[in-house]
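Structure assessment
Residue-level listing of the chains:
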Amino acid sequence: MAQESPTFSPLYRQIKSLILQALESGEWRPGQVIPSEQELAARFSVSQGTVRKAIDEMAADNLLIRKQGKGTFVASHNDPRALFRFLRLVPMDGDLAPPQSVPMDCWRAKAGQEASRMLGIELGDPIIIVRRLLKFAAKPVVIDEIYLPGEVFPGLTLEVLQSWSGSLYSLFETRFGLRMIRAQERLRAVAADRSTSEALKVPEGTPLLSVERVTYTYGDRPVEWRRGLYSTAEHFYLNELN
């Protein structure tokens, strides 16, 4: 009976893993420059080419950003260019002005079966639920219901949300040290019920795009589950495939 050969990780992937560990531990914070390729090569006792390949892959994954003549920086949600990485709704007129986030409610609860499954926590663990509107050009376009692990977001209140002028993910990064790395979304068409039609100012029964998202931080740990309803009368969902 043939034996399976052991699986070895390429050296640059091992270096990538070590750099990820440094990011997760907070050694280099979002927006900060990381050591040069030469310094990292000396630190890990590998060639600069190996480090460069690891960094190239991390840049492709939106974990690092190369700035010509300045160095390589840890990606940050405070960078305006990061906004539409997770927000895929684009106005038909092409105006990519940042939307206005309008927090409506924020309360604490205990995780039910679905929330515990989506967030990878125990049934009954504390969670925070946030309801908010996204407005484009002062028009309500998205209503989100967002579920967060309570222990990850201590002190998150409606007042904190209302006082923040940036994106929700920039708040999570700045105040709670949490960086969103990737997300998985499921889309389907639904009809607006009465409460949603009132919030989005559309007739009851209007077709809406339902977007359910689970967002992960370092270590592929789920830290957000949200259910959003999108009005697509003047917007479309853009997803580039390559």
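Residues numbered from 1 in each chain as written. Predicted model: local features only at pLDDT ≥ 70, side-chain atom pairs only at ≥ 80, totals over all residues. Heavy atoms only, no water.

1. Observations regarding the environment of S116
- Along the chain, S116 turns up in helix α5 (residues 113-119).
- In the structure, S116 is positioned 69 residues away from S47 in sequence and 44 Å away in space, judged by C-alpha atoms.
- Not counting chain neighbours up to four residues away, the residues in contact with S116 comprise A111, I121, E122 and L123. (Helix = DSSP H or I, 4+ residues; strand = E, 2+ residues; numbered from the N terminus. Contact = heavy atoms within 4.5 Å.)

2. Some points on the UniProt feature "domain: HTH gntR-type" (unreviewed entry) in the protein chain
- UniProt tags residues 9-77 as "domain: HTH gntR-type" (unreviewed entry).
- Structurally, residues 9-77 comprises 52% helix and 12% strand, and the distance from its first C-alpha atom to its last is 30 Å. (UniProt positions renumbered as here; feature names shortened; annotations may be inferred.)

3. Looking at the domain arrangement of the protein chain
- As far as domains go, the protein chain holds domain 1 (11-74) and domain 2 (80-237).
- Put simply, the middle of domain 1 and the middle of domain 2, counted by C-alpha atoms, are 30 Å apart.
- Across the contact, ten residues belong to domain 1 and eight residues belong to domain 2.
- Carbon and sulfur atoms supply 57% of the area that domain 1 and domain 2 bury against each other, a total of about 720 Å² over both sides.
- When the buried area of domain 1 at its contact with domain 2 is split by residue, P30, N62 and L63 rank highest and sum to 48% of it.
- Joining domain 1 to domain 2, the criterion identifies zero salt bridges.
- Taken together, domain 1 and domain 2 are joined by one residue pair in polar contact (both at pLDDT 80 or more). (Domains from an automatic or database assignment. Buried area = accessible area lost by both parts, 1.4 Å probe. Salt bridge = Lys/Arg side-chain N within 4 Å of Asp/Glu carboxyl O. Polar contact = N/O pair within 3.5 Å; in protein donor to acceptor, adjacent residues only side chain to side chain.)

4. Some remarks on the pairing of strand β5 (residues 126-136)
- Burial runs high along β5: eight of the eleven residues are buried.
- In this structure, strand β4 (residues 100-110) lies alongside β5, joined through ten bridges in antiparallel fashion. Within the sheet, the bridge partner assigned to A109 lies in β5 and is I127.
- Here ten bridges tie β5 to strand β6 (residues 139-149), and the two strands are oriented antiparallel to one another. Of the residues in β6, the one forming a bridge with R132 is D144. (Buried < 20%, exposed > 50% of the residue type's maximum accessible area, 1.4 Å probe, protein only. Pairing = 2+ DSSP bridges.)

5. Section: the sheet that holds strand β7 (residues 182-191)
- The strand order across the open sheet formed by six strands is β4-β5-β6-β9-β8-β7, and the pairing between neighbours is antiparallel. On the outer flanks of this sheet lie β4 and β7, each paired with one strand and no other. Adjacent strand axes in the sheet meet at a mean angle of 15 degrees when their direction is disregarded.
- Relative to strand β9 (residues 221-230), β6 runs antiparallel, the two being bridged by six bridges. (Axes fitted to C-alpha atoms, helices over the stretch in contact; angles between N-to-C directions.)

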